[in-house]
Amino acid sequence: MSFRFYALSLVGVLTFSALAPALADSAPAPVLAVADVMGQTQLRHFKLWFAGALGNWPLARYELEQIKRNFEEMRGVGSVVAGKGFAQLLDKDSVPPLGDIEKAITDKNRTRFIAGFEKLTAACNACHVEAKVGFIKMQTPTASPFSNQSFPP
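A short tour of the structure in this document, coming up. Bear in mind that the values here come from a model prediction, so they are computed numbers and not experimental data. (Residues numbered from 1 in each chain as written. Predicted model: local features only at pLDDT ≥ 70, side-chain atom pairs only at ≥ 80, totals over all residues. Heavy atoms only, no water.)

This part covers the nonpolar core. One finds Leu-48, Ile-101, Ile-105 and Phe-113 to be the most contacted residues of the largest nonpolar core, which totals 26 residues. Counting only elements with at least two residues in this core, the list comes to helix 2 (34–53), helix 3 (57–77), helix 4 (86–107) and helix 5 (110–130). (Core = buried A, V, L, I, M, F, W, Y, C linked by side-chain atoms within 4.5 Å. Buried < 20%, exposed > 50% of the residue type's maximum accessible area, 1.4 Å probe, protein only. Helix = DSSP H or I, 4+ residues; strand = E, 2+ residues; numbered from the N terminus.)

Our next topic: helix 4. Every α-helix winds through 3.6 residues per turn, so residues three or four apart in the chain are directed the same way. Counted at 1.5 Å a residue, the expected span for helix 4 with its 22 residues is 32 Å, and the 30 Å between its end C-alpha atoms agrees. A maximum bend of about 45 degrees is found in helix 4 at Ser-94, where proline Pro-96 lies one to four positions downstream. Every buried residue belonging to helix 4 is among Phe-86, Leu-89, Leu-90, Asp-93, Ser-94, Pro-97, Leu-98, Ile-101, Ala-104 and Ile-105, and all of these are buried. Trailing helix 4 by a residue or two, Lys-108 shows a phi angle of about 50 degrees, which is positive. (Expected span 1.5 Å × (residues − 1). Bend = angle between axes of the 7 residues up to and from the residue.)

So, on to the packing of helix 4 against helix 5. At a minimum axis distance of 8 Å, the contact between helix 4 and helix 5 shows a crossing angle of 165 degrees. As summarised for this structure, helix 4 and helix 5 are arranged roughly antiparallel, according to the angle between their axes. Note that helix 4 runs across helix 5; the crossing there is left-handed. The residues of helix 5 that touch helix 4, namely those facing Leu-89, Lys-92, Asp-93, Ser-94, Pro-97, Leu-98, Asp-100, Ile-101, Lys-103, Ala-104, Ile-105 and Asp-107, are Arg-112, Phe-113, Gly-116, Phe-117, Lys-119, Leu-120, Ala-123, Cys-124, Ala-126, Cys-127 and Glu-130. Looking at side-chain class alone, the contact of helix 4 with helix 5 contains 13 nonpolar, 2 polar and 8 charged residues. (Axes fitted to C-alpha atoms, helices over the stretch in contact; angles between N-to-C directions. Parallel < 35°, antiparallel > 145°, perpendicular 65-115°, else oblique. Left-handed = near helix turned anticlockwise from the far one by under 90°. Contact = heavy atoms within 4.5 Å. Nonpolar A, V, L, I, M, F, W, Y, C, P; charged D, E, K, R; others polar.)

See the structure below:
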């Protein structure tokens, strides 16, 4: 191979090396997908149910706080679903039952927890319908896929 080929190759490598940091800085930041955060929320919903139904109030509080954090994360990125702001859908449907669940956890009241959880599940489904993903239907969990976690206190 000729000296000219090596020289041009070296110039190409040096140019790319010089531009790479600038290209990396200009790359768009990853955007949170509603479906990804809702997938996490679905797991939290499941764990919240078992923790509260079995009276593990510290775990129930933890999972409730994680659901709230997921909702805030989506609120912060300004996601739009079916032409509506995600925050608007959350505030209308899903946020109100969280207060009922929080109060039930604080009072360690299993009956009120179950009622609040049922409201939350219905709210999730109402939000899904409004967001045009009504085929995603939540329900009270019936069995645990987490054989490596103990839910009773």
